[in-house]
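# A structural walkthrough
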Amino acid sequence: MIVLFGAAVRSGGLPSPALARRIAHARAAALADPETIVFCSGAVGNAPPSEAAVMARALEHDLGRERLILDEESRDTLQTARAAVRYAERYGIRELLICTDRFHQPRAVMLCRLFGRRARALPVPGGTRWRPVLREAAALPYDLVAGGWAAWRRREG
């Protein structure tokens, strides 16, 4: 299962350049393996529609609606990882392919693994700028603690 992490949606429901890159990369990977489903994740940001709905609209023609799973509730990386792992557990999916920008990969993969699923990077080329890299550097320790705590609580049950 490809986990397609969201990014901003522009006014009029258009994907931002980051989201468009991620969608194109997920499309290519899914077309290469007709058995693969795509978990589109992202809630409504500053304006509707949701990031997941924009992804699905862009992918539906090439992949078909039956290969798309929409998570329109997750608002951040931690929530997306948790939702994707829960879906994978429910349907017996063993490995997650994490589709997001390279600067975001380490944190997204780490969280999916903390929640108990094999995960590997499907890094989207391009798009590296300093601001998101710095944001990731700040978010990584927080999500390590928050994700680790949530995973521990879940196991303790």
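First, a word on what this report is: a plain description of the structure on this page. Note that this is a predicted model, so its numbers are computed, not measured.

## Some remarks on the pattern of salt bridges
Counted according to the given criterion, the structure contains 4 salt bridges. Its salt-bridge partner being R22, residue D101 comes within 2.8 Å of it at the nearest N-O pair. Of this pair, D101 sits in the loop between β6 (95-99) and α4 (105-114) while R22 sits in helix α1 (residues 17-32), and the two are 79 residues apart along the sequence. By relative accessible area, D101 is classed as buried at 1%.

## Overview of the sheet that holds strand β4 (residues 38-41)
Reading across the sheet, the 5 strands line up as β5-β4-β1-β6-β7 and stay open at both edges, with parallel pairing between neighbours. Single-partner strands in this sheet number two, and they are β5 (68-71) and β7 (118-121). With strand direction ignored, the average angle separating the axes of adjacent strands in the sheet is 25°. The pairing of strand β1 (residues 2-5) with β4 spans 4 bridges and is classified as parallel. Paired with L4 across the two strands is C40, which belongs to β4.

## Concerning α4
Of all 10 residues making up α4, 7 are buried, and the element is well covered by its neighbours. Turning to α4, its buried residues are Q105, R107, A108, V109, M110, L111 and C112. One or two steps after α4, the chain reaches G116, where phi turns positive at roughly 100°.

## Here we look at the nonpolar core
If you look at the biggest cluster of nonpolar residues, it comprises 23 residues, and the most contacted ones within it are M1, V3, F39, L96 and I98. Counting residues per element, the ones that place at least two in this core are β1, α3 (77-91), β6 and α4. Broken down by element, this core gets its largest block of residues, 7 residues, from α3. By size, the runner-up hydrophobic cluster in this structure holds 22 residues, among which are I2, V9, A18 and V124.

## Here we look at the environment of R75
Relative to the helices and strands, R75 is located in the loop between β5 and α3. Along the sequence, R75 and G45 sit 30 residues apart, while their C-alpha atoms lie 8.0 Å from each other. Beyond its immediate chain neighbours, meaning those up to four positions away, R75 contacts A43 and V44. From its side chain, R75 meets the backbone oxygen of V44 in a polar contact 3.1 Å long.

## Thoughts on the pairing of β7
With 4 bridges joining them, β6 and β7 adopt parallel strand pairing. By the bridge assignment, I98 is partnered in β7 with A121.

## Quick notes on α1
For α1, built from 16 residues, the straight-helix expectation of 22 Å at 1.5 Å per residue is met to within 8% by its first-to-last C-alpha distance of 23 Å. All of the buried residues along α1 are A18, L19, R22, I23, A26 and A30. With its buried residues spanning 130° around the axis, α1 presents them on a single face. If you follow the buried residues of α1, they end up packed against β1, β2 (9-10), β3 (14-15), β4, α2 (51-63) and β6.

## Re the side chain of S16
Looking at the secondary structure, you find S16 in the loop between β3 and α1. Given the relative accessible area of 7%, S16 is considered buried. Once residues within four sequence positions are removed from consideration, S16 is found in contact with A7, A8 and R10.

What counts as what
- Residues numbered from 1 in each chain as written.
- Predicted model: local features only at pLDDT ≥ 70, side-chain atom pairs only at ≥ 80, totals over all residues.
- Heavy atoms only, no water.
- Salt bridge = Lys/Arg side-chain N within 4 Å of Asp/Glu carboxyl O.
- Helix = DSSP H or I, 4+ residues; strand = E, 2+ residues; numbered from the N terminus.
- Buried < 20%, exposed > 50% of the residue type's maximum accessible area, 1.4 Å probe, protein only.
- Pairing = 2+ DSSP bridges.
- Axes fitted to C-alpha atoms, helices over the stretch in contact; angles between N-to-C directions.
- Core = buried A, V, L, I, M, F, W, Y, C linked by side-chain atoms within 4.5 Å.
- Contact = heavy atoms within 4.5 Å.
- Polar contact = N/O pair within 3.5 Å; in protein donor to acceptor, adjacent residues only side chain to side chain.
- Expected span 1.5 Å × (residues − 1).
- Arc of directions from axis to C-beta.

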